[in-house]
Amino acid sequence: MIYTDKKVLKCLLFYGLIVSLIIFILELIIHLGIFNYTISFIIGIITSFICFMIMSFTVTKLTDNPESKIKFYVFSSYLLRLIIYGVVMYLVYISPLKYGVFTCFFGFLSIRICILIVYNIIEKINDNKRKIDNLNIDVYIKDQLKKHNILYVKDLCEKSRKDLSEYLNEEEINKIIEALKEYELFIKGELEVIKDDDGS
């Protein structure tokens, strides 16, 4: 999850700087130095960042706690983030930045936009380049996969545990699962090899 956070936050920093600069230049030209929209957008981005970190913390708690506490953490996380968004939007509205509520709301969406950019564009391009050789698994397992024409990670993700069990034992399949987790493909819902495993 930490690796995923870093990728999204790097995208957020880049995206935030570019969009803030565009809004700033437009305000410089049109409003002659009044930067309400730029400030509101930056406030929206900061709020989005805080809520993303709360969500990330919640996901970590879900993996470390029993099922009985999961609903509590999920509900608390949603409620806290909703309150934060509402309070920030209200404060922007009653402040001199009043008309910046639109760019503030657009700032709220920045994390979602960055997640879409990272996983629907950047990662899809990268997925096509990821070779089995890059996975942290034994050479023997890699050779077995290659013998069965599985050369790329995307090919592996199309296989089920049953398919792999025809030429790999349980321990080797578990090593593949761990290697894919290192790639964090499970975040994107692409870890097809563990679909048949209820325990996973």
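What counts and how
Residues numbered from 1 in each chain as written. Predicted model: local features only at pLDDT ≥ 70, side-chain atom pairs only at ≥ 80, totals over all residues. Heavy atoms only, no water. Helix = DSSP H or I, 4+ residues; strand = E, 2+ residues; numbered from the N terminus. Contact = heavy atoms within 4.5 Å. Areas by Shrake-Rupley, 256 points an atom, 1.4 Å probe, with all protein chains shown as cover. Phe/Tyr/Trp six-rings, centres within 6.5 Å; stacked < 30°, edge-to-face > 60°. Buried < 20%, exposed > 50% of the residue type's maximum accessible area, 1.4 Å probe, protein only. Lys NZ or Arg CZ within 6 Å of the ring centre and 35° of its normal.

Moving on, we get to the overall build of the protein chain. Check the secondary structure of the protein chain and you find nine helices and zero strands. Counted from the first residue to the last, the protein chain has its helices and strands arranged as α-α-α-α-α-α-α-α-α. Residue pairs in contact within the protein chain that sit at least 24 positions apart in sequence constitute 61% of those at least 6 positions apart. Put simply, the protein chain shows about 12400 Å² of open surface, and 66% of that area lies on carbon and sulfur atoms.

Our focus in this paragraph is the packing of aromatic side chains. Scanning the model with the defined rule gives three aromatic pairs in all. Ring centres of tyrosine 85 and phenylalanine 108 lie 4.7 Å apart, and the angle between their planes is 55°; on these two criteria the pair is classed as tilted. In this pair, tyrosine 85 is assigned in helix 3 (residues 67-94) and phenylalanine 108 in helix 4 (residues 101-108), connecting sequence segments 23 residues apart. Residue class for tyrosine 85 comes out partly exposed when judged on its relative accessible area of 25%. Geometry around tyrosine 78 places arginine 81 over its ring, the cationic atom sitting 4.7 Å from the centre.

Structural measurements only, silent on function.
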